[in-house]
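Breakdown of the fold
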Amino acid sequence: MTPDLSTVFTGLRFENPFLLSSAPPTESESNILRAFEAGWGGVVTKTIGMHPVVNVRGPKTNFIRADADSPNLSMKKRPGTALHSSWNWELISDRPLDWWVGRLSRIKKAHPAKVLVASIMAGSGSDEELSHWQTLAKACQDEGVDALELNLSCPHMDRKDMGSNIGKDQQQISIVTHVVKEVARVPIWAKLTPSTTDIVVEARGAFLGGADAISSSNTFTSLPLIDPETLEFEMNVDGFTSMGGLGGPAILPLSLAKMAQMTAALPDRSFSGIGGISNFAHALNYFLLGCGTVQVCTAAMLDHAVGPNVIRELKAGMTEFLEKNAHRGWKTLEDFRGLRRDRVVPHSQIKRPENADYHGGYETEARSGTGRGSS
Ligand SMILES: Cc1cc2nc3c(=O)[nH]c(=O)nc-3n(C[C@H](O)[C@H](O)[C@H](O)COP(=O)(O)O)c2cc1C
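A brief report on the enclosed structure follows. Treat the numbers as computed from the prediction; the structure is a model and nothing was measured.

**Structural notes on the site of the ligand**
As a structural note, the neighbourhood of the ligand is formed by 24 residues, with Ser 22, Thr 47, Gly 248, Gly 276 and Thr 298 the closest of them. Thr 47 has a polar side-chain atom sitting 2.7 Å from a nitrogen atom of the ligand. Ser 217 is positioned such that a nitrogen or oxygen atom in its backbone is 3.1 Å from an oxygen atom of the ligand. Taking 610 Å² as the accessible area of the ligand by itself, protein coverage stands at 98%. Here the ligand is seated within the largest pocket.

This is the structure we're talking about:
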């Protein structure tokens, strides 16, 4: 019998737990249709907004590669390199809401069994700005989308009331989530920025506002490297660069750390893991930490724009994993989800050499205050 890859996440049934995240692979109707035909269980659309968007001149994304036999890191195309990360300074969809209306319903009608999530983003600096969140939410759900993902995490917004600038503020996150919740008939996922001190604080804010799940991570705030020959940033326009987002393999361990903090502190909540996933072994990390779905961007961008080979490998990898572990009685994702969540403990709880104690830098255990699972 073929193992069952299906799962239920925030009340929605997925034929498999693998989604394309909000990014170029989901920026158009044709891409999304191709993605569903390729086998993705769901997609999150490129973020839809209501404010004017004009991207920079020239490339919006590039890829940092590492040499095998030297410490070289560069975006320069050269043989014998491995992917280190993606770097982008692309804004949200430059198509207006009107462009998406009509297309979302067509996509949903063509693939009723697939999960279509609309990513939305607006400002939060005034009641009028907050009402834009509701306009976007209502328009998308009237199109039949299955869920809404709130972009509280884009790392390159000038506006202080948008993207990762509000994703750093627990209260703003709560307010925005609550405002959307007021009109939402579908589940709400809040996509958080990893560029904060303690992501558990922001996650609590989102749940307080009524979020059904957290998606994490968006890209990490970062700069392109400077070419030592030309002294120019590897991504620039007329010599100038700006903050952008790092994704791909380099962020896998970083995103996992953020996810582990949240799933330990909020074990009964729902999480969608994102960051550095290109095969099932990577996705498995997120599942074992407690995630119910995962999302992919960089790996899919590099595989025919929507990742047909990536999704094939993810599904084959999960099938093989379930077959290999059938003797443990594992039949679905729920049987192994979260199995390693409790293995992330305070440093002082890791075993020392025989007869040696360590109390987290304190003299005695009494003062160390390190409880299992404390965040
Ligand atoms: C070019 C590019 C554009 C992106 N645009 C969006 C976006 O519009 N909205 C959003 O929520 N995330 C956006 N992201 C972030 C991705 O959805 C994802 O969270 C991030 O790239 C980490 O996943 P990865 O390591 O698989 O790339 C973008 C990423 C890239 C590389």
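**With respect to the side chain of Gln 134**
Following the sequence through the fold, Gln 134 ends up in helix H4 (residues 127–142). At 3.1 Å, the side chain of Gln 134 forms a polar contact with the side chain of Glu 182. Beyond its immediate sequence surroundings of up to four residues, Gln 134 is in contact with Val 179, Glu 182 and Val 183.

**Some details on the layout of surface pockets**
Looking at the largest pocket, its volume works out to about 480 Å³. In terms of lining residues, the largest pocket is bounded by 37 residues, among which Ser 22, Ala 23, Asn 218, Thr 219 and Cys 297 are the most central. Listed by contribution, the elements that provide at least two residues to the lining of the largest pocket are strand S8 (81–88), strand S16 (293–296) and helix H10 (298–301). For the lining of the largest pocket, the residue count by class is 15 nonpolar, 19 polar and three charged. Here the second largest pocket is characterised by a volume of approximately 310 Å³.

**A short note on the packing of helix H8 (residues 252–265) against helix H9 (residues 280–289)**
At a minimum axis distance of 9 Å, the contact between H8 and H9 shows a crossing angle of 15 degrees. The orientation of H8 with respect to H9, classified from their angle, is roughly parallel. The hand of the H8/H9 crossing is right-handed. Residue-level contacts link Leu 252, Ser 255, Leu 256, Met 259, Ala 260 and Thr 263 of H8 to His 282, Asn 285, Tyr 286 and Leu 289 of H9. Residue composition of the contact of H8 with H9, grouped by class: six nonpolar, four polar and no charged.

Conventions adopted
Residues numbered from 1 in each chain as written. Predicted model: local features only at pLDDT ≥ 70, side-chain atom pairs only at ≥ 80, totals over all residues. Heavy atoms only, no water. Near = heavy atom within 4 Å. Polar contact = N/O pair within 3.5 Å; in protein donor to acceptor, adjacent residues only side chain to side chain. Areas by Shrake-Rupley, 256 points an atom, 1.4 Å probe, with all protein chains shown as cover. 1 Å grid on protein atoms, 1.4 Å probe; cavity = no way out; pocket = protein on both sides within 12 Å on 5 of 7 lines; lining within 4 Å. Sits in = over half its atoms within 2 Å of the grid points. Helix = DSSP H or I, 4+ residues; strand = E, 2+ residues; numbered from the N terminus. Contact = heavy atoms within 4.5 Å. Points joined across faces, edges and corners; volume = space filled by probe spheres on them. Nonpolar A, V, L, I, M, F, W, Y, C, P; charged D, E, K, R; others polar. Axes fitted to C-alpha atoms, helices over the stretch in contact; angles between N-to-C directions. Parallel < 35°, antiparallel > 145°, perpendicular 65-115°, else oblique. Left-handed = near helix turned anticlockwise from the far one by under 90°.

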